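# Observations on the three-dimensional arrangement
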Amino acid sequence: MLKIEDMHVYYGAIHAIKGVSFEVGEGEIVALIGANGAGKSTILKTVSGLMHPRSGSITFCGEDIAHMDAYKLLRHGLAHVPEGRRIFLQMTVQENLEMGAYIRKEVSQQDLETVFTYFPRLKERRKQVAGTLSGGEQQMLAMSRALMSHPKLMMLDEPSMGLAPILVDQIFEIVKELHKAGTTILLVEQNARKALQVADRAYVLETGSITLSGTGAELASSDAVKKAYLGG
């Protein structure tokens, strides 16, 4: 579904992403793990059109999207849940969800009910102003808002960041449920242990380059990964 080949991305003179190549097959959960500042979020921003590569190719569902605008990519079925959630704090939960469906002609009640089956807490709070939600509820809202666009590929950037352990478990259970329902997921996550537990395949990113790849289970049992990211 997504194929990236020899992608180079710069912030001015800083070479942030150095010849990265990887792919995400339809129906997979693929994780990008690595230390803070390794370039994980930059990759997602580049795939979703918020940044553009200096060289290399990005192909989504067979189409070259390397220089496509972000709003056009959403119409193609690519949704990005950014780091820090970026919900509309002054709007209600339901208004945020309706914004997620803006590319559709109308907001269907069925779409809302589908989202609420994954996130029942949001149904209880649908009229509540989003800025008054807890951190975990805001993360759920950010994911729900992306689902409202019916994405083929959902990119999650640090969904567990800043959450209590019990909420981290809930978020990853929902990731598994979304995957089971047929959503393809590209997951960027500093919590390597959790990411590798749910990932079909994973890549380790260090200072803008991919240094290791394999199945989630293979990387979870790798001595190098244990030492660097799993505290073993």
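The structure this text deals with has already been given above.
What you see is a predicted model, and the numbers here were worked out from it, not measured in a lab. (Residues numbered from 1 in each chain as written. Predicted model: local features only at pLDDT ≥ 70, side-chain atom pairs only at ≥ 80, totals over all residues. Heavy atoms only, no water.)

## Brief notes about the nonpolar core
Within soluble globular proteins, side chains that are nonpolar tend to cluster in buried spots. Using the following cut-off: As used in this record, nonpolar core signifies buried Ala, Val, Leu, Ile, Met, Phe, Trp, Tyr and Cys residues forming a set joined through side-chain atoms within 4.5 Å. For the exposure calls, accessible area comes from a 1.4 Å probe over protein chains only, and a residue counts as buried if that area is under 20% of its type's maximum, exposed if over 50%, partly exposed in between. Contacts are assigned to residue pairs with any non-hydrogen atoms lying within 4.5 Å of each other.
In terms of nonpolar packing, the biggest core is built from 47 residues, with F119 and M143 touching the most fellow members. Discounting chain neighbours no more than four positions away, the residues touching F119 are M140, M143, S144, L147 and I174. Grouped together as the second largest cluster of nonpolar side chains are 29 residues, A16, V30, M51 and L153 included.

## With respect to the sheet that holds strand 2 (residues 14-24)
The following threshold applies: Pairing between two strands requires that DSSP report at least two bridges joining them. Secondary structure is summarised from DSSP: a helix means a run of H or I of at least four residues, a strand means a run of E of at least two, and numbering begins at the N terminus for each. Note on definitions: angles span 0 to 180 degrees between N-to-C directions of axes, and those axes are lines fitted to C-alpha atoms, for helices only across the stretch in contact.
The 4 strands lie next to each other as 2-1-4-5, forming an open sheet whose pairing is antiparallel. Only two strands of the sheet have a single partner each, and these edge strands are strand 2 and strand 5 (63-64). Where strand 1 (residues 2-11) meets strand 4 (residues 55-60), 5 bridges bridge the pair, whose relative direction is antiparallel. In the sheet register, I4 faces strand 4, and the bridge partner there is I58. Along the sheet, helix 1 (residues 40-47) makes contact with strand 1, strand 2 and strand 4, crossing strand 1 at roughly 110°.

## Focus: the sheet that holds strand 9 (residues 201-206)
Within the open sheet, the 6 strands sit side by side as 6-7-8-3-9-10. Their pairing is mixed. Two strands lie at the open edges of the sheet, namely strand 6 (78-81) and strand 10 (209-215), each paired on one side alone. Taken over all neighbouring pairs, the strand axes of this sheet differ in orientation by 15° on average, direction set aside. Bridge analysis of strand 3 (residues 29-33) against strand 8 (residues 184-188) gives 4 bridges, and the strand direction is parallel.

## Remarks on the layout of surface pockets
Put simply, the rule is: Residues are called lining when one of their atoms sits within 4 Å of a cavity or pocket point, these points coming from a 1 Å grid over the protein atoms alone, where a cavity is a set in which a 1.4 Å probe fits but cannot get out and a pocket is an open set with protein on both sides within 12 Å along at least five of seven lines. Grid points are joined across faces, edges and corners, and a volume is the space filled by probe spheres set on the points. Polarity classes work like this: nonpolar for Ala, Val, Leu, Ile, Met, Phe, Trp, Tyr, Cys and Pro, charged for Asp, Glu, Lys and Arg, and polar for all others, with Gly in that last group.
There is about 620 Å³ of room inside the largest pocket. If you go around the largest pocket, you meet 22 residues; those closest to its centre are L50, L74, H80, P82 and R145. Elements supplying a minimum of two residues to the lining of the largest pocket: helix 2 (70-76), strand 6, helix 3 (93-100) and helix 6 (135-147). Sorting elements by how many residues they give to the lining of the largest pocket places strand 6 first, with 4 residues. Along the lines of polarity and charge, the residues of the lining of the largest pocket split into 13 nonpolar, 4 polar and 5 charged. In this model, the second largest pocket occupies a volume close to 220 Å³. Lining the second largest pocket, in full, are D111, T114, V115, Y118, L147, M148, H150, P151, L178, A181, G182 and T183. Broken down by element, the lining of the second largest pocket gets its largest block of residues, 4 residues, from helix 4 (residues 109-118). Grouping the amino acids of the lining of the second largest pocket by side-chain chemistry returns 7 nonpolar, 4 polar and 1 charged.

## Some remarks on the pairing of strand 9
The pairing of strand 3 with strand 9 spans 4 bridges and is parallel. Bridge pairing in strand 9 links A31 to A202. Looking at chain direction, strand 9 and strand 10 are connected through 6 bridges and run antiparallel. Within strand 10, the residue paired with R201 across the bridge is T215.

## As for the packing of aromatic side chains
So the rule is basically this: Pairing of aromatic rings covers Phe, Tyr and Trp, the last counted by its six-membered ring, and requires centre-to-centre distances within 6.5 Å; plane angles under 30 degrees mean stacked, over 60 mean edge-to-face, and any other angle means tilted.
Considering all chains together, one arrives at 2 aromatic pairs under this definition. With a centroid separation of 5.4 Å and 50° between ring planes, the pair formed by F22 and Y203 is classed as tilted. Here the residue F22 occupies a position in strand 2, and Y203 occupies one in strand 9, the gap between them amounting to 181 residues. For the pair formed by F22 and Y203, the shared burial category is buried.

## So, the environment of G77
You can see G77 is positioned in the loop between helix 2 and strand 6. Counting along the chain gives 123 residues from G77 to D200, while the straight-line C-alpha distance between them is 21 Å. Setting aside its immediate chain neighbours within four residues, G77 contacts F60, P151, K152 and L153.

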